[in-house]
Number of protein chains: 2
Amino acid sequence: MSLVIVGSVAFDTIETPSCRKERIVGGSCTFCALAASYFVRPGIVAVVGEDFPKATIDFFKKRKIDLRGLKVMPGEKTFHWQGRYGEDPNQRTTICTDLNCFENFRPEIPAAYREADILLLANIDPDLQERVQEQVRKPKLTAMDTILLWINTKREALLKVLKKVDVFFANDEEIRMITGERNLIKAAQHVLRLGPKVLVLKKGEHGVLVFGKDLQFGVVAFPTETVVDPTGAGDTFAGGFLGYLDKVGRITPTEIRRAAVYGSVMASFTIEDFGIGRYLTLTGRDVRSRFAAFKRLAAF
Amino acid sequence: MSLVIVGSVAFDTIETPSCRKERIVGGSCTFCALAASYFVRPGIVAVVGEDFPKATIDFFKKRKIDLRGLKVMPGEKTFHWQGRYGEDPNQRTTICTDLNCFENFRPEIPAAYREADILLLANIDPDLQERVQEQVRKPKLTAMDTILLWINTKREALLKVLKKVDVFFANDEEIRMITGERNLIKAAQHVLRLGPKVLVLKKGEHGVLVFGKDLQFGVVAFPTETVVDPTGAGDTFAGGFLGYLDKVGRITPTEIRRAAVYGSVMASFTIEDFGIGRYLTLTGRDVRSRFAAFKRLAAF
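Criteria and cut-off values
Residues numbered from 1 in each chain as written. Chains lettered and ligands numbered in written order. Predicted model: local features only at pLDDT ≥ 70, side-chain atom pairs only at ≥ 80, totals over all residues. Least-squares fit on C-alpha atoms with pLDDT ≥ 70 in both. Contact = placed C-beta atoms within 7 Å. Helix = DSSP H or I, 4+ residues; strand = E, 2+ residues; numbered from the N terminus. Nonpolar A, V, L, I, M, F, W, Y, C, P; charged D, E, K, R; others polar. pLDDT = per-residue confidence, 0-100. Axes fitted to C-alpha atoms, helices over the stretch in contact; angles between N-to-C directions. Left-handed = near helix turned anticlockwise from the far one by under 90°. Expected span 1.5 Å × (residues − 1). Buried ≥ 20, exposed ≤ 12 C-beta atoms within 10 Å, placed from the backbone.

Considering the relation of the copies chain A and chain B
At step 1: Expressed as a screw transformation, the operator carrying chain A onto chain B has a rotation angle of 180° and an axial translation of 0.0 Å, and the superposed copies differ by an RMSD of 0.0 Å. The transformation just described matches what one would write down for a two-fold rotation axis.
At step 2: Comparing contact sets, 100% of the residues at the interface of chain A also lie at the interface in chain B, consistent with an isologous, same-surface contact.

A word on the interface of chain A and chain B
At step 1: Contacts between the two partners involve 25 residues from chain A, matched on the other side by 25 residues from chain B.
At step 2: Contributing elements (two or more residues each) for the side of chain A that touches chain B: α7 (184–192), β13 (215–219), α9 (253–270) and α10 (284–298) of chain A.
At step 3: Here the element with the most residues in the side of chain A that touches chain B is β13(A); it accounts for 4 residues.
At step 4: A per-class count over the side of chain A that touches chain B returns 12 nonpolar, 6 polar and 7 charged.

Section: the confidence of the model for chain A
At step 1: Here chain A averages 96 in pLDDT, while 100% of its residues score no lower than 70.
At step 2: What the predictor reports for the complex is a pTM of 0.95 with an ipTM of 0.93.

Considerations on the packing of helix α6 (residues 172–179) of chain B against helix α7 (residues 184–192) of chain B
Residues and elements named next belong to chain B.
At step 1: For the pair α6 and α7, the least separation of the axes is 9 Å and the interaxial angle reads 65°. Handedness of the α6/α7 crossing: left-handed. Across the interface between the two elements, Asp172, Ile175, Arg176, Ile178 and Thr179 of α6 pack against Leu184, Ala187, Ala188, His190 and Val191 of α7.
At step 2: Grouping the amino acids of the contact of α6 with α7 by side-chain chemistry returns 6 nonpolar, 2 polar and 2 charged.

Examining helix α8 (residues 233–248) of chain A
Residues and elements named next belong to chain A.
At step 1: For α8, which comprises 16 residues, the first-to-last C-alpha distance of 23 Å matches the rise-based estimate of 22 Å (1.5 Å per residue) to within 8%.
At step 2: Counting buried positions along α8 gives 14 out of 16 residues, so the element sits mostly inside the fold.
At step 3: Note on α8: the residue one or two positions beyond its end, glycine 249, has a positive phi of about 75°.

Right, here's the structure in full:
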């Protein structure tokens, strides 16, 4: 067991200007684990209700995701998030959140996972992230993701977790809100003083910047006409990034650069369909071929 | 004579949230020519009034810019633009425009310039751009830049010029306005059907994308904490891009990629000071060293 991901497995109801999808499978842990599964066999820690589809569980198994940390809560319903995207797919509004089985979720890391090399605290309540941080013995690398909601409502708890992670995945708005800095580069440097050794700044359609000691890397997003549903793009970025690092087993500046490209590759696939739709047919060959396309895109 | 640039030489009054600069030297032609002067000896076609400072003319000469096409209009005043930037340096408002000597400007290409290899129609009224297009015999490459004002007020004239150029420099908002497409990649593909062989999509702090037949290239902007004044960034991008192409004398996909990086290099310097301030001390060594920094930034 090497990469362990803690986060949400959920139903999402998604509205885009042209379409509405009711209760499709989503959640930060789902997206991260699916993307990572193209590189390694990640273990997940999450909770679902009785209503969670067996077909999806079977799909997770087919992708060789380790489900020993996935709890099914009898008599409970799965966490449900509903959101709407505007004409600009970067702008999204949460319409409602039904915590359901997530309300009393207290993540327990199975004994088999406690020696994990890489721990990904995908987006969930920072109090739960902290609880997990305490349970995993000595990961080589701990990474975290979050959302604006926690920055605004649980700032102290979030900063406490942030202080002890190695890699922080965030977008422009999030680091501006954390630091109060409008200039992105100043905000990024500020974040590096709050704990993380590496900041991965996800800028959606504008690509990604990576900041660290002796490390500055940037790559544009894959130019695509097909943006069906941006949900999960950031999570699959994190999954691809850490899945790749876990696979190569070396955490060097060179591998971090490649990891950021693999993250971009996975995110570029995710947005091509609703929810996890693209993963139903995505092959390892597709992933390798898009990595090669990124190489051509960025070469000079 | 190889690269000829037609555009404005002007005074700019610039307000940023922290500073105001009164009547400093600016103008599309000024910025383009200064950036290009790090690669070749560009010739300019423009007009100024009697009030234009001799010190700046001397500075242009020192940069080996060919001024045979620069008219000084006796008894007239130089074109003056006043603009304001908000907290987000990508958002700017024009406060006023005094055309002055520009009002009756009819660009005449000096005989010595008519065999130009590369013609850059920097941002001016598309009617004037068309007039110039007719006067230069057979350039290997014609490029144009524009602003939203002309797209909104002189659409037909602009599309006529666009139809006959090889390279079009534009930003997100401009190509969305020209094509009516919200998705940037669709908008870019649409622009390529309007005439240009290459579209250089300038995304400011988010970098640049280049689209063409058998060509797709992207590089992020240079991560900098110092954004003093974004005026002229796009012009100096164009100047660096075409100056480099003129210098190497080969217009191949490989050289176009490098040209886009040199354009990014020049733009990254421009924003470090007000107006043309950065160019007063910028050296060829600075340019080469930032190109190397871009190499490190983008390598994976």
